[in-house]
Amino acid sequence: MQKSNLPIYWFGNMNAYMESKIKIITVGLNPSDKEFREKDTEPFCSNLRFPDFKGDCTSLLKALNRYFEYNPYSRWFDGGFEPILNGMDASYYSKQKGKEKYANKAVHTDFCSPWATEPTWSKLSIAEKNNLLKEGIVLWMHLVKLLSPDIILFSLPHDLLKKVGIHPSTDLCKFPLTKDGQNRSKPEIIKRGIYDKSLTIFGTTVNNPYGLLGKVQKNELGVEIIKFYNTIKP
């Protein structure tokens, strides 16, 4: 197994996140190898998306905070969580091209490990996954304590979340139609729960986070999340 040449503890502007009225984080498995190379045949290179990284802690923090200002892996982020965040008046991006500036800045985190790997997560051996999880889950839990989010959007298998006592417990809303407007054989059910003091949201991952929903549906989901959050916030 090959690991990336820097750990990605989070993606996004931490300072802007901390200043947001509603603090939102998103959660995936581990960073994609596409954070470090465009093609599978290329070696890992931090300059692709983290040009500020010079090998020391100070430059690492700068590189992570400026991730969405340089060359983010937008196909994954924009196709996944970003439309949901927009429905919550939030965004990963500090500058929106042709869009209204959103009030809240979100950051992305990874539950299993801060390291991108070759092969990717699904192709790692059980032993390799377990070795990464031992460190990764502890790091994630410490980070979440520091971030103290109001809302967490998960894109993870439920068996992994059970390792830290996170369970989707109640239906938040349902989407009976596909992204193309056709009737589903069964509705896509978005679940909610609580982790510490954070509202947790769970959807199905297919190719990307909440992948069974189209962009408009994801916007609608974001609105529904905020409506519910406003009924329970302190």
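Summarised in this report is the structure supplied together with it. For every chain, the first residue of the written sequence is number 1, and numbering continues from 1 onward in sequence order. Since the coordinates come from a predicted model, pLDDT governs what is reported: local features require at least 70, and pairs of side-chain atoms require 80 or more to be given and counted, while whole-chain, interface and lining totals use all residues. As a convention, hydrogens and water are excluded, and side-chain values are obtained from all of the structure's heavy atoms.

Brief notes about the overall build of the protein
For step 1, the next point in the chain: In this text, helices come from DSSP runs of H or I with a minimum length of four residues, and strands from runs of E with a minimum of two, each type numbered from the N-terminal end. When helices and strands are tallied, the protein shows 8 helices and 10 strands.
For step 2, the next point in the chain: To get the radius of gyration, use the C-alpha atoms; to get the globule rule, take the number of residues to the power 0.38 and multiply by 2.2 Å. Taken over the C-alpha trace, the protein has a radius of gyration of 17 Å; the compact-globule value for 234 residues is 17 Å, and the two agree within 12%.
For step 3, the next point in the chain: The C-alpha extent of the protein, read off along each of the three principal axes, is 45 × 40 × 35 Å.
For step 4, the next point in the chain: Burial statistics for the protein: of 234 residues in total, 52% are counted as buried.
For step 5, the next point in the chain: In this analysis, two residues are considered to be in contact whenever any of their non-hydrogen atoms come within 4.5 Å of each other. Taking all contacts inside the protein whose residues are at least 6 apart in sequence as the whole, residues at least 24 apart take part in 65%.
For step 6, the next point in the chain: Counted as positive: Lys and Arg. Counted as negative: Asp and Glu, with His and the chain ends omitted from the count. Lys charges are placed at NZ, Arg charges at CZ, Asp charges at CG and Glu charges at CD. Separation between the mean location of the 33 positive side-chain charges and that of the 25 negative ones in the protein comes to 2 Å. Whether a residue is buried, partly exposed or exposed follows from its accessible area with a 1.4 Å probe, protein chains only, as a fraction of its type maximum: under 20%, in between, or over 50%, in that order.

Overview of the side chain of Asn-30
For step 1, the next point in the chain: In this fold, Asn-30 is placed in the loop between strand E2 (24-28) and helix H2 (57-65).
For step 2, the next point in the chain: We classify Asn-30 as buried; its relative accessible area is 13%.
For step 3, the next point in the chain: In protein, a polar contact requires one atom able to donate a hydrogen and another able to accept it; more generally it is a pair of N or O atoms within 3.5 Å, and residues adjacent in sequence count only if both atoms are side-chain atoms. At 3.0 Å, the side chain of Asn-30 forms a polar contact with the backbone oxygen of Trp-115.
For step 4, the next point in the chain: Not counting chain neighbours up to four residues away, the residues in contact with Asn-30 comprise Asp-110, Ser-113, Trp-115, Ala-116, Thr-117 and Trp-121.

Focus on the nonpolar core
Soluble, globular proteins show a tendency: their nonpolar side chains are buried together.
For step 1, the next point in the chain: Among the nonpolar cores identified, the biggest contains 66 residues, and Phe-50, Phe-111, Ile-151, Leu-153, Leu-221 and Ile-225 are the most heavily contacted of them.
For step 2, the next point in the chain: With 7 residues, helix H6 (residues 126-147) is the single largest residue contributor to this core.
For step 3, the next point in the chain: Discounting chain neighbours no more than four positions away, the residues touching Phe-50 are Leu-6, Ile-8, Phe-11, Glu-35, Phe-36, Ala-63, Leu-64 and Tyr-67. Definition used in this section: a nonpolar core is a set of buried Ala, Val, Leu, Ile, Met, Phe, Trp, Tyr and Cys residues joined via side-chain atoms within 4.5 Å.

With respect to helix H8 (residues 215-232)
For step 1, the next point in the chain: Expected span of a helix: the number of residues minus one, times 1.5 Å. The end-to-end C-alpha distance of H8, which contains 18 residues, comes to 26 Å, matching closely the 26 Å that a straight helix rising 1.5 Å per residue would cover.
For step 2, the next point in the chain: Inspection of H8 places Gln-217, Lys-218, Leu-221, Gly-222, Ile-225, Ile-226, Phe-228 and Tyr-229 among the buried residues, and these make up the whole buried set.
For step 3, the next point in the chain: On its buried side, H8 packs onto helix H4 (74-79), helix H5 (82-87), strand E7 (151-154), strand E8 (170-177), strand E9 (183-195) and strand E10 (198-202).

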